[in-house]
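Listed here are the chains, written in short residue letters.
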Amino acid sequence: MSRPPLPPFTLETAAQKVRAAEDGWNTRNPEKVALAYTEDCAWRNRGEFVTGRAGIIGLLQRKWTRELEYRLIKELWAHDGNRIAVRFAYEYHDDSGQWYRAYGNENWEFAPDGLMQCRLASINEHPIAAADRKFHWDINAPRPADHPGLSDFGF
């Protein structure tokens, strides 16, 4: 299986890879998202360390059971060869209705077939008021092309 665009990345193909990842994560479908990673992909996500698609699926199932109405924006930070650095922010609420915004950085490394083989994420979050939310688009659709990005919000 191949997952274009393939490394080595240009500015254009790295940005395409980042947007494809954002769109995939915004489906909140763990099985679909996991297909972007190698069978033995290593993840560090907050305090969890998982390896392989089954571990990725389990982590994402737990995540999206707790993080309701999840909406994510990713932005390319840097790229070189088969590596991409991304910054991101996402908003969600918990089952009590409390909204949160999380911010973070990810370092990605890709196999020659374009599947991610390593994902290292650092994330922090804080509660926000519902009125302070910035990410507004149909929950069942990708972020519209004309919706502001992270830099537009000053995040």
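None of the values given here were measured: they were computed from a predicted structure.

### A word on the environment of Cys118
And step 1. Considering the arrangement of structural elements, one finds Cys118 in strand S6 (residues 116-128).
And step 2. Taking the C-alpha atoms as reference points, Cys118 and Asn107, 11 residues apart in sequence, are found 7.9 Å from one another.
And step 3. Setting aside anything within four residues of it in sequence, one finds Cys118 in contact with Cys41, Ala42, Asn107, Trp108 and Glu109.

### Here we look at empty space enclosed by the protein
And step 1. All told, the structure shown has one cavity of 30 Å³ or more when counted by the stated rule.
And step 2. Considering only enclosed or pocket space, the largest cavity measures out at about 40 Å³ in volume.
And step 3. Around the largest cavity, the lining residues are Trp25, Asn45, Lys63, Tyr70, Leu72, Lys74, Phe88, Tyr90, Glu106, Arg119 and Ile123.
And step 4. Mapped by element, the contributors of at least two residues to the lining of the largest cavity are strand S3 (68-80), strand S4 (83-93) and S6.
And step 5. The element contributing the most residues to the lining of the largest cavity is S3, with three residues.
And step 6. Class assignment of the residues belonging to the lining of the largest cavity gives a composition of six nonpolar, one polar and four charged.

### A few points about the pairing of strand S2 (residues 48-51)
And step 1. Where strand S1 (residues 37-45) meets S2, four bridges bridge the pair, whose relative direction is antiparallel. Residue pairing across strands places Trp43 opposite Val50, the latter belonging to S2.
And step 2. Hairpin connection, S1 to S2: the antiparallel pair is bridged by two residues, and Arg46 has positive phi, about 55 degrees.

### Section: unusual backbone geometry
A negative phi angle characterises most non-glycine residues, just as the trans form characterises most peptide bonds.
And step 1. Cis geometry is found at the peptide bond from Pro4 to Pro5, where omega equals 0 degrees.
And step 2. Position of Pro5 among the secondary structure elements: in the segment before helix H1 (11-25).
And step 3. Here the bond from Pro7 into Pro8 is cis, since omega is 5 degrees, no more than 30 degrees from zero.
And step 4. Mapped onto the secondary structure, Pro8 falls in the segment before H1.
And step 5. One non-glycine residue with positive phi stands out, namely Arg46, at about 55 degrees.
And step 6. When you line up the elements, Arg46 lands in the loop between S1 and S2.
And step 7. Positive phi, close to 55 degrees, is recorded for Glu69, a residue that is not glycine.
And step 8. Tracing the backbone through its elements, the reader meets Glu69 in strand S3.

Conventions adopted
- Residues numbered from 1 in each chain as written.
- Predicted model: local features only at pLDDT ≥ 70, side-chain atom pairs only at ≥ 80, totals over all residues.
- Heavy atoms only, no water.
- Helix = DSSP H or I, 4+ residues; strand = E, 2+ residues; numbered from the N terminus.
- Contact = heavy atoms within 4.5 Å.
- 1 Å grid on protein atoms, 1.4 Å probe; cavity = no way out; pocket = protein on both sides within 12 Å on 5 of 7 lines; lining within 4 Å.
- Points joined across faces, edges and corners; volume = space filled by probe spheres on them.
- Nonpolar A, V, L, I, M, F, W, Y, C, P; charged D, E, K, R; others polar.
- Pairing = 2+ DSSP bridges.

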